[in-house]
Amino acid sequence: MARPRRSDDTRALLIEEGAVGLLSNGYHGTGIKQVLDKVGVPKGSFYNYFDSKESFAQAVIEHHSQCVRRNLTAAFAAASDPLSGIRAFFATLTEDFVAAEYTGGCLIANLGGELEGSELLRQSLSSAWAVWRDGIAGALREAQAQGTVRADIDAVDLADLLLESWEGAVIRMKIDRTIAPLDKCLRRLLDDYFRP
(Lines give C-alpha, C1' and ligand atoms only; values in the text may rest on other atoms or scores of the structure.)
Protein backbone atom coordinates (compact mmCIF):
# COMPACT_ATOMS: atom_id res chain seq x y z
CA MET A 1 0.00 0.00 0.00
CA ALA A 2 1.33 3.44 -0.92
CA ARG A 3 2.36 5.71 1.93
CA PRO A 4 0.38 8.99 1.99
CA ARG A 5 2.27 12.04 0.82
CA ARG A 6 3.28 14.51 3.50
CA SER A 7 0.67 16.95 2.22
CA ASP A 8 -2.02 14.29 2.75
CA ASP A 9 -0.72 13.74 6.28
CA THR A 10 -0.74 17.48 6.97
CA ARG A 11 -4.26 17.89 5.64
CA ALA A 12 -5.44 15.01 7.84
CA LEU A 13 -3.71 16.57 10.88
CA LEU A 14 -5.38 19.92 10.18
CA ILE A 15 -8.78 18.23 9.94
CA GLU A 16 -8.23 16.30 13.18
CA GLU A 17 -7.14 19.44 15.03
CA GLY A 18 -9.99 21.35 13.42
CA ALA A 19 -12.46 18.80 14.76
CA VAL A 20 -11.11 19.35 18.27
CA GLY A 21 -11.34 23.12 17.91
CA LEU A 22 -14.79 23.18 16.33
CA LEU A 23 -16.18 20.81 18.94
CA SER A 24 -14.70 22.79 21.82
CA ASN A 25 -15.01 26.36 20.58
CA GLY A 26 -17.48 26.30 17.69
CA TYR A 27 -16.99 27.64 14.20
CA HIS A 28 -16.69 31.29 15.13
CA GLY A 29 -14.54 30.60 18.18
CA THR A 30 -12.00 28.50 16.30
CA GLY A 31 -9.28 30.49 14.59
CA ILE A 32 -7.40 29.09 11.64
CA LYS A 33 -4.14 30.37 13.14
CA GLN A 34 -4.64 28.39 16.35
CA VAL A 35 -5.26 25.20 14.34
CA LEU A 36 -2.19 25.84 12.17
CA ASP A 37 -0.05 26.56 15.23
CA LYS A 38 -1.12 23.29 16.91
CA VAL A 39 -0.17 21.31 13.81
CA GLY A 40 2.97 23.36 13.13
CA VAL A 41 1.95 24.59 9.69
CA PRO A 42 2.80 28.13 8.48
CA LYS A 43 -0.24 30.36 8.07
CA GLY A 44 0.29 30.88 4.35
CA SER A 45 0.16 27.13 3.78
CA PHE A 46 -3.49 26.82 4.85
CA TYR A 47 -4.70 27.67 1.36
CA ASN A 48 -2.66 24.80 -0.08
CA TYR A 49 -5.15 22.51 1.65
CA PHE A 50 -8.44 24.43 1.83
CA ASP A 51 -10.07 27.24 -0.16
CA SER A 52 -11.55 28.92 2.90
CA LYS A 53 -12.48 28.43 6.53
CA GLU A 54 -15.86 27.27 5.28
CA SER A 55 -14.33 24.54 3.09
CA PHE A 56 -12.13 23.58 6.04
CA ALA A 57 -15.21 23.17 8.26
CA GLN A 58 -16.85 21.15 5.50
CA ALA A 59 -13.86 18.78 5.48
CA VAL A 60 -14.08 18.44 9.27
CA ILE A 61 -17.81 17.62 9.05
CA GLU A 62 -17.12 15.01 6.35
CA HIS A 63 -14.36 13.51 8.52
CA HIS A 64 -16.75 13.39 11.48
CA SER A 65 -19.35 11.67 9.32
CA GLN A 66 -16.81 9.02 8.23
CA CYS A 67 -15.92 8.42 11.89
CA VAL A 68 -19.60 7.95 12.77
CA ARG A 69 -20.03 5.50 9.89
CA ARG A 70 -16.92 3.56 10.98
CA ASN A 71 -18.07 3.47 14.62
CA LEU A 72 -21.56 2.30 13.64
CA THR A 73 -20.07 -0.46 11.48
CA ALA A 74 -17.77 -1.59 14.31
CA ALA A 75 -20.58 -1.58 16.88
CA PHE A 76 -22.94 -3.55 14.65
CA ALA A 77 -20.26 -6.04 13.57
CA ALA A 78 -19.42 -6.95 17.17
CA ALA A 79 -23.05 -7.25 18.31
CA SER A 80 -25.19 -10.34 18.50
CA ASP A 81 -28.30 -8.47 17.33
CA PRO A 82 -29.22 -5.03 15.96
CA LEU A 83 -30.42 -3.54 19.27
CA SER A 84 -27.23 -4.65 21.00
CA GLY A 85 -25.29 -2.92 18.22
CA ILE A 86 -27.23 0.30 18.74
CA ARG A 87 -26.63 0.10 22.49
CA ALA A 88 -22.91 -0.55 21.95
CA PHE A 89 -22.63 2.45 19.64
CA PHE A 90 -24.26 4.78 22.16
CA ALA A 91 -22.28 3.23 25.03
CA THR A 92 -19.08 4.23 23.22
CA LEU A 93 -20.37 7.80 22.81
CA THR A 94 -21.28 7.87 26.49
CA GLU A 95 -17.81 6.65 27.48
CA ASP A 96 -16.29 9.41 25.36
CA PHE A 97 -18.47 12.04 27.07
CA VAL A 98 -17.41 10.80 30.51
CA ALA A 99 -13.74 10.80 29.46
CA ALA A 100 -14.17 14.40 28.27
CA GLU A 101 -15.84 15.33 31.60
CA TYR A 102 -19.21 16.03 29.93
CA THR A 103 -17.83 18.66 27.55
CA GLY A 104 -17.91 18.88 23.79
CA GLY A 105 -21.07 17.07 22.89
CA CYS A 106 -21.89 16.37 19.25
CA LEU A 107 -20.14 18.21 16.42
CA ILE A 108 -23.24 18.04 14.20
CA ALA A 109 -25.54 19.53 16.83
CA ASN A 110 -23.02 22.10 18.01
CA LEU A 111 -22.35 23.42 14.51
CA GLY A 112 -25.98 23.08 13.47
CA GLY A 113 -26.94 25.62 16.11
CA GLU A 114 -24.24 28.03 14.99
CA LEU A 115 -24.06 27.91 11.20
CA GLU A 116 -27.45 29.06 10.00
CA GLY A 117 -25.91 31.46 7.45
CA SER A 118 -23.84 28.97 5.43
CA GLU A 119 -25.74 26.89 2.88
CA LEU A 120 -22.62 24.81 2.14
CA LEU A 121 -22.17 23.87 5.79
CA ARG A 122 -25.91 23.36 6.31
CA GLN A 123 -25.88 20.83 3.48
CA SER A 124 -22.77 19.14 4.90
CA LEU A 125 -24.39 18.88 8.33
CA SER A 126 -27.59 17.54 6.79
CA SER A 127 -25.62 14.88 4.91
CA ALA A 128 -23.71 13.95 8.08
CA TRP A 129 -26.99 13.63 9.98
CA ALA A 130 -28.37 11.39 7.22
CA VAL A 131 -25.37 9.06 7.46
CA TRP A 132 -25.89 8.71 11.20
CA ARG A 133 -29.67 8.38 10.91
CA ASP A 134 -29.52 5.88 8.06
CA GLY A 135 -27.04 3.70 9.95
CA ILE A 136 -29.33 3.57 12.97
CA ALA A 137 -32.39 3.10 10.74
CA GLY A 138 -30.78 0.10 9.06
CA ALA A 139 -30.26 -1.58 12.41
CA LEU A 140 -33.80 -0.72 13.51
CA ARG A 141 -35.16 -2.15 10.25
CA GLU A 142 -33.34 -5.41 10.97
CA ALA A 143 -34.75 -5.43 14.49
CA GLN A 144 -38.23 -4.85 13.08
CA ALA A 145 -37.78 -7.88 10.81
CA GLN A 146 -36.72 -9.91 13.86
CA GLY A 147 -39.76 -8.71 15.80
CA THR A 148 -37.81 -6.91 18.53
CA VAL A 149 -38.80 -3.37 17.45
CA ARG A 150 -42.29 -2.15 16.62
CA ALA A 151 -43.01 -2.24 12.90
CA ASP A 152 -45.96 0.17 12.80
CA ILE A 153 -43.60 3.16 12.53
CA ASP A 154 -41.02 3.48 9.76
CA ALA A 155 -37.44 2.72 10.86
CA VAL A 156 -36.23 6.11 9.55
CA ASP A 157 -38.80 7.90 11.71
CA LEU A 158 -37.74 5.86 14.73
CA ALA A 159 -34.08 6.62 14.03
CA ASP A 160 -34.80 10.35 13.76
CA LEU A 161 -36.72 10.21 17.04
CA LEU A 162 -33.86 8.38 18.75
CA LEU A 163 -31.18 10.77 17.49
CA GLU A 164 -33.21 13.92 18.12
CA SER A 165 -33.93 12.71 21.66
CA TRP A 166 -30.27 11.77 22.13
CA GLU A 167 -29.15 15.25 21.09
CA GLY A 168 -31.49 16.79 23.67
CA ALA A 169 -30.15 14.38 26.28
CA VAL A 170 -26.57 15.41 25.37
CA ILE A 171 -27.46 19.05 26.08
CA ARG A 172 -28.94 18.04 29.43
CA MET A 173 -25.85 15.90 30.16
CA LYS A 174 -23.62 18.92 29.60
CA ILE A 175 -25.77 21.11 31.84
CA ASP A 176 -26.11 18.61 34.70
CA ARG A 177 -22.73 16.92 34.19
CA THR A 178 -24.15 13.43 34.39
CA ILE A 179 -24.92 10.63 31.95
CA ALA A 180 -28.34 10.08 33.54
CA PRO A 181 -30.19 11.87 30.68
CA LEU A 182 -28.43 9.67 28.13
CA ASP A 183 -29.35 6.50 29.97
CA LYS A 184 -32.93 7.69 30.36
CA CYS A 185 -33.22 8.52 26.65
CA LEU A 186 -32.10 5.06 25.58
CA ARG A 187 -34.13 3.27 28.23
CA ARG A 188 -37.37 5.11 27.42
CA LEU A 189 -37.02 4.55 23.68
CA LEU A 190 -35.24 1.22 23.21
CA ASP A 191 -36.77 -0.52 26.23
CA ASP A 192 -40.24 0.99 25.99
CA TYR A 193 -41.52 3.06 23.08
CA PHE A 194 -39.69 1.08 20.38
CA ARG A 195 -40.88 -2.30 21.70
CA PRO A 196 -43.51 -4.17 19.65
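Residues numbered from 1 in each chain as written. Predicted model: local features only at pLDDT ≥ 70, side-chain atom pairs only at ≥ 80, totals over all residues. Heavy atoms only, no water.

(A) View of the overall build of the protein chain. Scanning the protein chain for helices and strands turns up nine helices and zero strands. Counting from the amino terminus, helix and strand elements in the protein chain follow one another as α-α-α-α-α-α-α-α-α. The globule rule puts the C-alpha radius of gyration for 196 residues at 16 Å, and the 18 Å found for the protein chain is close to it. The C-alpha extent of the protein chain, read off along each of the three principal axes, is 60 × 45 × 30 Å. Residue burial in the protein chain is summarised as follows: out of 196 residues, 41% are buried. Sequence-distant contacts in the protein chain: of pairs separated by 6 or more residues, those separated by 24 or more amount to 67%. By element, 51% of the accessible surface of the protein chain is carried by carbon and sulfur atoms, the whole surface being about 10,500 Å². Treating the 22 positive side-chain charges of the protein chain as one cloud and the 27 negative ones as another, the clouds have centres 4 Å apart. (Helix = DSSP H or I, 4+ residues; strand = E, 2+ residues; numbered from the N terminus. Rg over C-alpha atoms; globule rule 2.2 N^0.38 Å. Buried < 20%, exposed > 50% of the residue type's maximum accessible area, 1.4 Å probe, protein only. Contact = heavy atoms within 4.5 Å. Areas by Shrake-Rupley, 256 points an atom, 1.4 Å probe, with all protein chains shown as cover. Lys, Arg positive; Asp, Glu negative; His and termini not counted. Charge placed at Lys NZ, Arg CZ, Asp CG, Glu CD.)

(B) Main features of helix α2 (residues 32-39). Among the residues of α2, those classed as buried are Ile32, Val35, Leu36 and Val39. The arc that holds every buried residue of α2, seen down its axis, measures 95 degrees, which confines them to one face. Following α2 by one or two positions, glycine 40 adopts a phi angle in the positive range, close to 80 degrees. (Arc of directions from axis to C-beta.)

(C) Spotlight on the packing of aromatic side chains. For the structure on display, the rule yields 10 aromatic pairs. On the numbers, 5.6 Å between centres and 75 degrees between planes, the contact of phenylalanine 46 with phenylalanine 56 is edge-to-face. With phenylalanine 46 in helix α3 (residues 46-49) and phenylalanine 56 in helix α4 (residues 53-77), the pair connects residues that are 10 residues apart, well separated along the chain. For the pair phenylalanine 46 and phenylalanine 56, a shared accessibility class is recorded, and that class is buried. Ring pairing ties together the aromatic residues Phe89, Phe90, Phe97, Trp129, Trp132 and Trp166, which thus form one cluster. The aromatic ring of tyrosine 27 is capped on one face by lysine 53, whose charged end is 4.6 Å from the ring centroid. Between the NZ or CZ atom of arginine 150 and the centre of the ring of tyrosine 193, over which it lies, the distance is 4.6 Å. (Phe/Tyr/Trp six-rings, centres within 6.5 Å; stacked < 30°, edge-to-face > 60°. Lys NZ or Arg CZ within 6 Å of the ring centre and 35° of its normal.)

(D) How the structure looks around the packing of helix α5 (residues 82-99) against helix α9 (residues 180-193). Here α5 crosses α9 at 170 degrees, and the two axes come no closer than 11 Å. With respect to α9, the element α5 is oriented roughly antiparallel. Where α5 abuts α9, its residues Leu83, Ile86, Arg87, Phe90, Thr94 and Phe97 lie against Leu182, Leu186, Leu190 and Asp191. (Axes fitted to C-alpha atoms, helices over the stretch in contact; angles between N-to-C directions. Parallel < 35°, antiparallel > 145°, perpendicular 65-115°, else oblique.)

(E) Structural view of the nonpolar core. Within the largest apolar cluster, 57 residues are counted, with the highest numbers of intra-cluster contacts made by Phe90, Trp132, Ile136, Leu140 and Trp166. Those elements that place two or more of their residues in this core are α1 (6-29), α2, α4, α5, α6 (107-112), α7 (119-146), α8 (155-176) and α9. Counting residues per element, this core draws most heavily on α7, which supplies 10 residues. Beyond its immediate chain neighbours, meaning those up to four positions away, phenylalanine 90 contacts Trp132, Ile136, Leu162, Leu163, Trp166 and Leu186. (Core = buried A, V, L, I, M, F, W, Y, C linked by side-chain atoms within 4.5 Å.)

(F) Looking closely at unusual backbone geometry. For glutamate 101, which is not a glycine, the phi torsion comes out positive at approximately 55 degrees. Here glutamate 101 falls in the exposed class, since its relative accessible area comes to 54%. Not every positive phi belongs to a glycine, and arginine 177 is a case in point at roughly 55 degrees.

(G) Structural view of the packing of α8 against α9. The N-to-C vectors of α8 and α9 enclose an angle of 160 degrees; their axes lie 8 Å apart at closest approach. Between α8 and α9, the interaxial angle falls into the category roughly antiparallel. Judged by the sense of rotation from one axis to the other, the crossing of α8 with α9 is right-handed. Contacts from Leu158, Leu161, Leu162, Ser165, Trp166, Ala169, Val170, Arg172 and Met173 of α8 reach α9 at Pro181, Leu182, Cys185, Leu186, Leu189, Leu190 and Tyr193. (Left-handed = near helix turned anticlockwise from the far one by under 90°.)

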